[in-house]
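Structural overview
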Amino acid sequence: MNYPLPRPDKLAAMDLAPLYYLTNFRSLLDWVGRRYGDLLSAEEQHFLSAFAALAPHAQALLVRVIMRPRPLLRVSTLHYAEIAYCSEALATLVAGGWLSADPELSLDTLFSLATKAELLADADAFAPHTLSPRQRKAELREQLSEAHEKIEEETFAHEQTRAASRQHVQVP
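Here goes a summary of the coordinates provided. (Residues numbered from 1 in each chain as written. Predicted model: local features only at pLDDT ≥ 70, side-chain atom pairs only at ≥ 80, totals over all residues. Heavy atoms only, no water.)

Over its 17 residues, helix H2 (residues 20-36) extends 24 Å from the first C-alpha to the last, a length consistent with the 24 Å expected when each residue adds 1.5 Å. Listed in full, the buried residues belonging to H2 are Tyr21, Leu22, Phe25 and Leu29. The buried residues of H2 occupy an angular sector of 100° when the element is viewed end-on, so they sit on one face. Exposed residues lying more than 90 degrees from the buried face of H2 are Arg34 and Arg35. Looking at the packing, one finds that the buried side of H2 touches helix H3 (42-53) and helix H4 (56-67). (Helix = DSSP H or I, 4+ residues; strand = E, 2+ residues; numbered from the N terminus. Expected span 1.5 Å × (residues − 1). Buried < 20%, exposed > 50% of the residue type's maximum accessible area, 1.4 Å probe, protein only. Arc of directions from axis to C-beta. Contact = heavy atoms within 4.5 Å.)

Below, the structure written as structure tokens:
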């Protein structure tokens, strides 16, 4: 069956329940579990049962995060009127391993997430006194990339020296 999608101007006028997305997600998981439960892997079955065991506000936040277009997001953007205990839900999801609170970020990812002001405030650790607020974000990225590469080279050289020293002993 083909169902026509509502026009964008009609979508705004639709009255949706505040947690419609959670209701739909639960319905989907329930249907998959009932219909294909015997075909699901142990990991997939665990997902179904672990998700069902989460508190409703944690379930709602997880579904909201899953629906985001990017896998990384800023905690400061996690404000939803329909989720009463957003910070507690976030703590629950991090503690349960559903979300990672401290992911490793590449320089490209950092630049896509951070504002220019944030980059300037934090960049002093990488390139002290070399960055200017007048620089464009692309120029900042280039300069920080060079500083980042230098730090990585120094770290690699230090780790190689430490590894080599562990392979040798000294007689006193």
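In this structure the tally under the stated criterion is 2 salt bridges. For arginine 34, the salt bridge is made with aspartate 30, and the minimal N-O distance between the two is 3.0 Å. Of this pair, arginine 34 and aspartate 30 both sit in helix H2, 4 residues apart, roughly one helical turn. In this structure aspartate 30 comes out as partly exposed when scored by relative accessible area, which is 42%. We note a salt bridge from glutamate 82 to arginine 64, for which the minimum N-O separation is 2.8 Å. With glutamate 82 in the loop between H4 and helix H5 (86-95) and arginine 64 in helix H4, this residue pair connects regions lying 18 residues apart in the sequence. The class for arginine 64 is partly exposed, based on a relative accessible area of 21%. (Salt bridge = Lys/Arg side-chain N within 4 Å of Asp/Glu carboxyl O.)

Right, let's get into a nonpolar patch on the surface. Residues Leu28, Trp31, Tyr36 and Leu39 make up a contiguous nonpolar surface patch of roughly 410 Å² in combined accessible area. Following the sequence through the fold, leucine 28 ends up in helix H2. Of the residues examined, leucine 28 reaches a relative accessible area of 44% and is grouped as partly exposed. (Patch = residues over 30% accessible without salt bridge, like charges linked within 9 Å, V, L, I, M, F, W, Y side chains within 5 Å. Areas by Shrake-Rupley, 256 points an atom, 1.4 Å probe, with all protein chains shown as cover.)

Once that is clear, we can look at the side chain of glutamine 59. Relative to the helices and strands, glutamine 59 is located in helix H4. Given a relative accessible area of 4%, glutamine 59 falls into the buried group. Separated by 2.5 Å, the side chains of glutamine 59 and arginine 26 make a polar contact. When residues no more than four places from it in sequence are discounted, the contact partners of glutamine 59 are Leu22, Arg26, Phe51, Ala52 and Leu54. (Polar contact = N/O pair within 3.5 Å; in protein donor to acceptor, adjacent residues only side chain to side chain.)

Across soluble globular proteins, nonpolar side chains show a tendency to be buried alongside one another. Counting 21 residues, the largest nonpolar core has Phe51, Leu61, Leu78 and Ile83 as its most contacted members. Sorting the residues of this core by element identifies H2, H3, H4 and H5 as the ones contributing at least two each. Counting 6 residues, the second largest nonpolar core, distinct from the first, contains Leu107, Phe111, Ala114 and Leu140. (Core = buried A, V, L, I, M, F, W, Y, C linked by side-chain atoms within 4.5 Å.)

Interhelical geometry of H2 versus H3 gives an angle of 140° and a closest axis separation of 11 Å. It follows that H2 is oblique to H3 by the angle criterion. The chirality of how H2 crosses H3 is left-handed. Contacts between H2 and H3 involve Leu22, Phe25, Arg26, Leu29 and Gly33 on the former and, on the latter, Phe47, Leu48 and Phe51. A class-by-class count of the residues in the contact of H2 with H3 yields 6 nonpolar, 1 polar and 1 charged. (Axes fitted to C-alpha atoms, helices over the stretch in contact; angles between N-to-C directions. Parallel < 35°, antiparallel > 145°, perpendicular 65-115°, else oblique. Left-handed = near helix turned anticlockwise from the far one by under 90°. Nonpolar A, V, L, I, M, F, W, Y, C, P; charged D, E, K, R; others polar.)

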